[in-house]
Amino acid sequence: MIIQLEPKLNDSTKTDVLQAIKKIGYKPSPVNTQFGNYVVCIGKKDFDIRAIGSLPGVRDIHYVSDDYQLVSRKWKVERTAIDLGDGVKIGNGAFQIMAGPCSIESEAQVESIVQHLKRCGVRVMRGGVFKPRSSPYSFRGMGLDGLKMFSAVCRANGIKLITEVMELAQIEPMYDYIDVYQVGARNSQNFNLLDELGKVDKPVMIKRGISGTIEELLYSAEYVFSAGNERLMLCERGIRTYERASRNTFDINAIPILRDKTHLPVIVDPSHAIGIREFVAPVALAGVAAGADGIIIEIHETPEEAASDGAQTLNYEESALLFKQIRAILDVQQA
Ligand code: PEP
Ligand code: MN
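Here is what the cut-offs are and how they apply
Counting restarts for each chain: residues are numbered from 1 in the order of the written sequence. Both sets of labels track the order of writing: A upward for chains, 1 upward for ligands. Per-residue local features of the predicted model are confined to residues with pLDDT of at least 70, and side-chain atom pairs are confined, for both listing and counting, to 80 or more; whole-chain, interface and lining totals are unaffected and use all residues. Computation of side-chain values: all heavy atoms of the structure, hydrogens and water removed. Distances up to 2.8 Å from the metal define which N, O and S atoms are donors, and 3.2 Å serves for Na, K and Ca; water is absent from the atom set, so sites may look incomplete. Elements are defined by DSSP. Helices are runs of H or I of four residues or more, strands are runs of E of two residues or more, and each kind is numbered from the N terminus. For this analysis, a nonpolar core means a set of buried residues of the types Ala, Val, Leu, Ile, Met, Phe, Trp, Tyr and Cys, connected via side-chain atoms within 4.5 Å. Only protein chains enter the calculation, and the probe is 1.4 Å; a residue is then buried if its accessible area is under 20% of its type maximum, exposed if over 50%, and partly exposed in between. A contact between two residues is defined here by any heavy atoms of the two lying within 4.5 Å. Note on definitions: salt bridges are taken to be side-chain nitrogens of Lys or Arg within 4 Å of carboxyl oxygens of Asp or Glu.

Turning next to the coordination of the manganese ion (ligand 2). For the manganese ion (ligand 2), the full set of protein donor atoms is Cys102 (SG), His272 (NE2), Glu298 (OE) and Asp309 (OD), at a range of 2.0 to 2.4 Å. Spacing between the donor residues of the manganese ion (ligand 2) along the chain follows C-x169-H-x25-E-x10-D. In this pair, Cys102 sits in the loop between strand S7 (96-100) and helix H3 (107-120) while Glu298 sits in strand S14 (residues 294-298), placing the two residues 196 residues apart along the sequence.

Written as structure tokens, this is what we have:
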């Protein structure tokens, strides 16, 4: 159960509400975000809703049958849109393409991709500077200095940026240089990281864990929301199954299911999902057709030379064609 409180209420009114919740046998957890004050109440007992609904300070009560609460669509029927500013929105009817290299490699690389994105009308660039790599001997990213350069080029060109945060200590130094924090598949259940990202007033995109279930992804989002950050997106990036013909198995089912279960925007990452360059476009289009609110995709001027994930990275020609095809699907969906 979610209780929405009035935006401004004094401590004693709040204490009275919490007491009343305890009295009906529910465990109250107060949640304050940038947008609202809530009390998430966990319990199963039947009670007279008027006992709570009539209390001063209570704006609304929502019964949510799901175990996760604030991210559930059962209480918030309108879909959440994430506003990155300057007209760049994701969700609730606004679709965004986010594209860029797996790893940021140099200023020339960023400059070149930014120009390509601008030519293609893409407003958000992706690129990792802290890279989670299976082998410690692989390229692990340009770090904070790389991010500062990446950010300066993007800002100078009106492009928003999303990049991965791998640990607590990176959150604060990254803050001034990013528009969206990406939580990677390997950190999808790093609950300490999720808690801390809940305290930050910048959007967060959480990727599904390597073998994560849809429910686990929703719980990860619940961590961030309940710690205070409502500006969240979820990303289907393929999961590990027994199939070895592709890098991961793209779970297309997850898109309509997530959109049914949560009001948060759902993004697809076809690059990591299939991991095979020539098949990225059909998987991307399938994800868009299935109802995704956005796509995040790896591109590079010369994928063969990319420092990481070149085998799943599209070149400029391939990506320009894909962006056109995506827009054609979006047009059909609107018709
Ligand atoms: C990435 O986006 O480059 C990445 C490492 O993705 P994932 O966390 O999905 O593996
Ligand atoms: Mn990658």
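A word on the nonpolar core. The biggest cluster of nonpolar side chains holds 73 residues, and the ones touching the most others in it are Met125, Tyr181, Ile206 and Ile326. Examining the composition of this core, we find that six residues originate from one element, helix H7 (residues 214-226), more than from any other. Judged by nonpolar contacts, the second largest core, of 14 residues, contains Leu5, Ile21, Ile24 and Val39.

Within the secondary structure layout, Glu6 lies in the loop between strand S1 (2-5) and helix H1 (11-23). Looking at Glu6, the relative accessible area reads 29%, which means it is partly exposed. Spatially, the C-alpha atom of Glu6 lies 5.4 Å from that of Arg59, the residues being 53 residues apart in sequence. Residue contacts for Glu6: discarding those within four places in its chain leaves Asn37, Gly57, Val58 and Arg59.

The subject of this paragraph is the pattern of salt bridges. One pass over the full model with this rule turns up 14 salt bridges. Of the charged contacts, one joins Asp309 and Arg247 as a salt bridge, the two residues approaching to 3.1 Å between their closest N and O atoms. A residue pair is termed long-range when its members are at least 10 positions apart, and Asp309 in the loop between S14 and helix H11 (316-334) and Arg247 in the loop between strand S12 (232-236) and helix H8 (254-261) qualify at 62 residues. Judged by relative accessible area, Asp309 falls into the buried class, the value being 18%. According to the relative accessible area criterion, Arg247 is partly exposed, its value standing at 32%. For Arg259, the salt bridge is made with Asp293, and the minimal N-O distance between the two is 2.8 Å. Here Arg259 is found in helix H8, whereas its partner Asp293 is found in the loop between helix H10 (277-289) and S14, with 34 residues between them in sequence. Take Arg259 and Asp293: they sit in the same class, and that class is buried.

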